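Coordinate analysis (summary)
Listed here are the chains, written in short residue letters.
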Amino acid sequence: MPRIINFSAGPSILPQTVFEQASQAVLNLNNSGLSILEISHRSSYFEPILHEAGQLVRDLLGLTDEFEVLFLSGGASTQFFMTVMNLLPEGQKAAYVDTGVWSSKAINEAKILGSIDVIASSKDANYNYIPKGYKIASDYAYLHLTSNNTIYGTQYQSFPESPIPIVCDMSSDIFSKPIEPHRFGLIYGGAQKNLGPAGVTLVIVRKDMLGKVNKTLPTMLRYETHIQNESMYNTPPVFPIYVSMLTLRWLRDLGGLTAMQKINERKAKYLYDVIDAIPFYLGHSVPEDRSRMNVTFNLEDNSLSKEFQAFCEEAGCDGLKGHKSVGGFRASIYNAMPEEGVKVLAEVMKEFALKHA
Ligand SMILES: *Cc1c(COP(=O)(O)O)cnc(C)c1O
């Protein structure tokens, strides 16, 4: 049976070869006679996996030794407060930009623990753009941004010139294109959008960001704990790390982030071209801030929504229902979505519009 074309926002599609390799490892990891699900995280089986995953993260993103790479639990949502606890010294403030639900959640957590200013927001237009041109004072401890707004389909095409380190939630576009690591003090992301299965959170932290907070934190909530113990203070999510490592290998083998970016730009263009050519479809994001990962749109005639969804499903396209805060539809076209899959959706959209012209 052919696979469904999965446009789900997360957990989401992974490369087919990764599914195959991962399922083999569940039965027999590298001919060890053991399942990846039953090995000790302290065994000689897991150690090279964790090491390779970390090295691939470094190689793909071009990280220097100033950065530590951690594989943690708790999702991006735990990083909303762990960043504040570890990076915001008492008596100092942090700056936040509000670009939607996820950044608002980060802001709410930060307010519980410290003092912050929201220095820009696109709430006034239901987050259909990325704020620009705001001033960033140099006395903030850091600037928190959300690089890709999964729900609204907006994405930073470039990051603001910031006099302070950027702390960035990259959950839904990490590894989709090259970044300039030196602009960031900390990068975090749940794996389940563009890296692997749910259950592991990637955290990349520049060492000089740490050691500025005097308060004693619970052991599990200190980045230093995880750095000293190489992500093995407690049992790490072994299987999600393994699958993430497979995905990173796949990414390396197709040419790394520059190659991936080109593919992602082509994929997004198929859909935005349809949205721009056919007034029947209304894109949510302003054109200059459009996401290459989540393409959000409404139908001009909302009463056709159910029929459109059924039409897509009949063509094998699944997971297109938009988030409730935007409505309409969202095609999530992460790294692993094949170009062919996006072309099918673009054709389906054209056909449906013709049918109702
Ligand atoms: C999905 C998502 C989150 C939430 O991640 P969890 O791992 O479920 O906590 C946070 N930020 C962004 C940008 C997301 O897309």
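Residues numbered from 1 in each chain as written. Predicted model: local features only at pLDDT ≥ 70, side-chain atom pairs only at ≥ 80, totals over all residues. Heavy atoms only, no water.

The chain is annotated in an unreviewed UniProt entry as Phosphoserine aminotransferase of Candidatus Opimibacter skivensis. Under the heading Subcellular location (unreviewed entry), UniProt records this for the chain: "Cytoplasm". (UniProt positions renumbered as here; feature names shortened; annotations may be inferred.)

Turning to the site of the ligand, a few remarks are in order. Taken together, 13 residues lie near the ligand, and Ser77, Thr150, Asp169, Gln192 and Lys193 sit nearest. At a separation of 2.6 Å, a nitrogen atom of the ligand approaches a polar side-chain atom of Asp169. Here an oxygen atom of the ligand sits 3.0 Å away from a polar atom, N or O, in the side chain of Gln192. Relative to its unbound accessible surface of 390 Å², the ligand loses 88% to contact with the protein. Residue contributions to the shell around the ligand peak at four residues, all from helix 3 (residues 75-87). For the shell around the ligand, the residue count by class is three nonpolar, eight polar and two charged. (Near = heavy atom within 4 Å. Polar contact = N/O pair within 3.5 Å; in protein donor to acceptor, adjacent residues only side chain to side chain. Areas by Shrake-Rupley, 256 points an atom, 1.4 Å probe, with all protein chains shown as cover. Helix = DSSP H or I, 4+ residues; strand = E, 2+ residues; numbered from the N terminus. Nonpolar A, V, L, I, M, F, W, Y, C, P; charged D, E, K, R; others polar.)

Side chains Leu143 and Leu145 project from strand 5 (residues 143-146) onto one buried face, and the interleaved His144 and Thr146 project onto a second face that is buried too. Strand direction decides the pairing type here: strand 3 (residues 93-98) and strand 5, joined by two bridges, are parallel. By the bridge assignment for strand 5, Ala95 is matched with Leu143. Strand direction decides the pairing type here: strand 5 and strand 8 (residues 166-169), joined by four bridges, are parallel. Opposite Thr146, over in strand 8, you have Asp169 as the bridge partner. (Buried < 20%, exposed > 50% of the residue type's maximum accessible area, 1.4 Å probe, protein only. Pairing = 2+ DSSP bridges.)

What follows deals with the sheet that holds strand 12 (residues 294-299). Strand order in this open sheet of three strands is 11-12-14, and the pairing throughout is antiparallel. Whereas interior strands pair on both sides, the edge strands pair on one side only; in this sheet they are strand 11 (281-283) and strand 14 (329-332). Looking at each pair of strands side by side, their axes are set apart by 35 degrees on average, direction ignored. Relative to strand 12, strand 11 runs antiparallel, the two being bridged by three bridges. In the sheet register, Leu282 faces strand 12, and the bridge partner there is Asn298. Of the strands in this sheet, strand 11, strand 12 and strand 14 touch helix 7 (residues 256-277), which is tilted by about 25 degrees from strand 12. (Axes fitted to C-alpha atoms, helices over the stretch in contact; angles between N-to-C directions. Contact = heavy atoms within 4.5 Å.)

It is the contact of helix 3 with helix 4 (residues 101-113), at a shortest axis distance of 9 Å, that shows an interaxial angle of 40 degrees. By the angle class used here, helix 3 and helix 4 are oblique. When the axes of helix 3 and helix 4 are compared, the crossing they make is right-handed. Contact with helix 3, carried on its side by Ser77, Phe80, Phe81, Val84 and Met85, involves Trp102, Lys105, Ala106, Glu109, Ala110 and Leu113 of helix 4 and no other residues of that element. Classifying every residue of the contact of helix 3 with helix 4 by side-chain character gives eight nonpolar, one polar and two charged. (Parallel < 35°, antiparallel > 145°, perpendicular 65-115°, else oblique. Left-handed = near helix turned anticlockwise from the far one by under 90°.)

What follows covers the pairing of strand 10 (residues 201-206). Judged by how many residues are buried, strand 10 sits mostly within the fold: six of six residues are covered. Residue alternation in strand 10 divides its side chains into two sets, Thr201, Val203 and Val205 and Leu202, Ile204 and Arg206, and both sets are buried. Sheet topology places strand 2 (residues 67-72) next to strand 10; six bridges connect them, and they run antiparallel. When the sheet's bridge partners are listed, Leu70 is paired in strand 10 with Val203. Of the strand pairs in this sheet, strand 9 (residues 184-190) and strand 10 are connected by five bridges, and their pairing is antiparallel. Paired with Gly190 across the bridge in strand 10 is Thr201.

Reading across from one edge, 2-10-9-8-5-3-4 is the order of the seven strands in this open sheet, with mixed pairing throughout. The open sheet terminates on both sides in strands that have one partner only, identified here as strand 2 and strand 4 (115-121). The sheet shows a mean angle of 20 degrees between the axes of neighbouring strands, taken without regard to direction. Contacts from helix 2 (residues 46-61) reach strand 2 and strand 10, with the element oriented near 130 degrees to strand 2.

Let's shift gears to the environment of Gly54. Along the polypeptide, Gly54 turns up in helix 2. Its relative accessible area of 11% is what places Gly54 among the buried residues. Each C-alpha atom of the pair Gly54 and Leu70 lies 7.7 Å from the other, and the pair is 16 residues apart in sequence.

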